[in-house]
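# Geometric and topological summary
Each chain, written out:
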Amino acid sequence: MAAPDTMWSGRFWLAAGERASKTAAQTAIATIGTTAAIHQVDWVIVGSTSALAALLSILTSVVSDGLTGSGPSLTSETVTAKRAIED
């Protein structure tokens, strides 16, 4: 069995960074959509909200590893491209 991707490994930070990037992008899209519906888009708000969401995602990954010791997720489930196609 492979060693877990603890927060001291590069794989952990790669996975945590991916999660944070996705969270930031989702937050930016939601913020742009919400502010555009109300008034003009405030890019400072979009940027700061997205950055805060990404930081919270990183902190969540660190806490998850602290709880499980197995990486940035609370579950140990991983999905590879091949497996996703087969399921």
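The text that follows walks through the structure, step by step, so that each part is easy to find. Treat the numbers as computed from the prediction; the structure is a model and nothing was measured.

### Here we look at the overall build of the protein
Secondary structure summary: the protein contains 3 helices and 0 strands in total. Ordering the α and β elements of the protein from the N terminus gives α-α-α. Buried residues in the protein amount to 23% of all 87 residues. The long-range fraction of contacts in the protein, counting pairs at least 24 apart against all pairs at least 6 apart in sequence, stands at 57%. Total accessible area on the protein is roughly 6,200 Å²; 67% of this is exposed by carbon and sulfur atoms.

### Some thoughts on the side chain of T31
Locating T31 in the fold gives a position in helix α1 (residues 10-38). T31 gets classed as buried once you look at its relative accessible area, which sits at 12%. T31 has contacts with I45, V46 and T49, leaving out every residue within four places of it along the chain.

The rules behind these values
Residues numbered from 1 in each chain as written. Predicted model: local features only at pLDDT ≥ 70, side-chain atom pairs only at ≥ 80, totals over all residues. Heavy atoms only, no water. Helix = DSSP H or I, 4+ residues; strand = E, 2+ residues; numbered from the N terminus. Buried < 20%, exposed > 50% of the residue type's maximum accessible area, 1.4 Å probe, protein only. Contact = heavy atoms within 4.5 Å. Areas by Shrake-Rupley, 256 points an atom, 1.4 Å probe, with all protein chains shown as cover.

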